[in-house]
Amino acid sequence: MLPNKYGRTLLAVAIIAATQWLAIDLAHAQASNGSSAHPARQAENAYMDWQRAKSRTPTDSEALAIAALRALMGVPPERALPLIERTLRLQRSELVKMRAMFVLGQINSPAARTLLLKNAQELTGNLQLEAIRSIGIGGDTASIATLPLLYENGNVAVQGAVLQALLIADSK
């Protein structure tokens, strides 16, 4: 562990730079093999998809569900957690589930952290990216300690989300 916050931040920046160089090397190797997938482009596309999904204007029913989720942030965890779990299980839009994931990250209880980690490990796509970022925002050290495993096993988009979560957690 580095001695201070600035040293950890520099380490995170170095990791990001190394990841970008590895992505470029991988792209060159794939290009020589005839593959057209560029990892840096994949990560950028996944990030843009996540941003579009998160920032689109909600429908009236989605806006009502999001308002209810925001209200759950002020409710005791034992009452809020079952409602958030239900929202994540039901057929809701991706936007509502992403907001539920964020609220889940704000709940200070072991059960909420466990559910958030489970979602980060098992889900795919934008919901997985949102779960990973919510872990970083929540700042729980035990949850953050599991992020390197997700980085090792994840695709380029997951790796980018893990690095972003680590940077968010380090800035707290």
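Residues numbered from 1 in each chain as written. Predicted model: local features only at pLDDT ≥ 70, side-chain atom pairs only at ≥ 80, totals over all residues. Heavy atoms only, no water.

This next bit is on the nonpolar core. Formed by 37 residues in total, the largest nonpolar core has its most connected members in Leu-69, Ile-84, Met-101, Leu-104, Ile-132, Ile-135 and Leu-147. Sorting elements by how many residues they give to this core places helix α5 (residues 94-106) first, with 7 residues. In contact with Leu-104, not counting residues within four places along its chain, are Leu-81, Ile-84, Leu-88, Ala-112, Leu-115, Leu-116 and Asn-119. (Core = buried A, V, L, I, M, F, W, Y, C linked by side-chain atoms within 4.5 Å. Buried < 20%, exposed > 50% of the residue type's maximum accessible area, 1.4 Å probe, protein only. Helix = DSSP H or I, 4+ residues; strand = E, 2+ residues; numbered from the N terminus. Contact = heavy atoms within 4.5 Å.)

A few words on the side chain of Gln-128. Of note, Gln-128 is situated in helix α7 (residues 125-138). What makes Gln-128 buried here is its relative accessible area of 10%. Those residues in contact with Gln-128 that lie beyond four places of it in its chain are Ala-120, Gln-121, Leu-123 and Val-158.

Here we come to the side chain of Thr-87. By the element assignment, Thr-87 lies in helix α4 (residues 77-89). According to the relative accessible area criterion, Thr-87 is buried, its value standing at 13%. One polar contact links the side chain of Thr-87 to the main-chain carbonyl oxygen of Leu-83, over a distance of 2.9 Å. The contacts of Thr-87, once residues within four sequence positions are left out, are Leu-69, Arg-92, Val-96, Lys-97 and Ala-100. (Polar contact = N/O pair within 3.5 Å; in protein donor to acceptor, adjacent residues only side chain to side chain.)

Here the focus is the pattern of salt bridges. Under the criterion given, the structure shown has 2 salt bridges. The salt bridge partner of Glu-62 is Arg-56, with a shortest N-O separation of 2.6 Å. Overall, Arg-56 belongs to the partly exposed group, its relative accessible area being 35%. The salt bridge partner of Asp-140 is Arg-113, with a shortest N-O separation of 3.5 Å. Residue Asp-140 is found in the loop between α7 and α8 (141-144), and its partner Arg-113 is found in helix α6 (residues 110-122); the two are separated by 27 residues along the sequence. Looking at Asp-140, the relative accessible area reads 23%, which means it is partly exposed. (Salt bridge = Lys/Arg side-chain N within 4 Å of Asp/Glu carboxyl O.)

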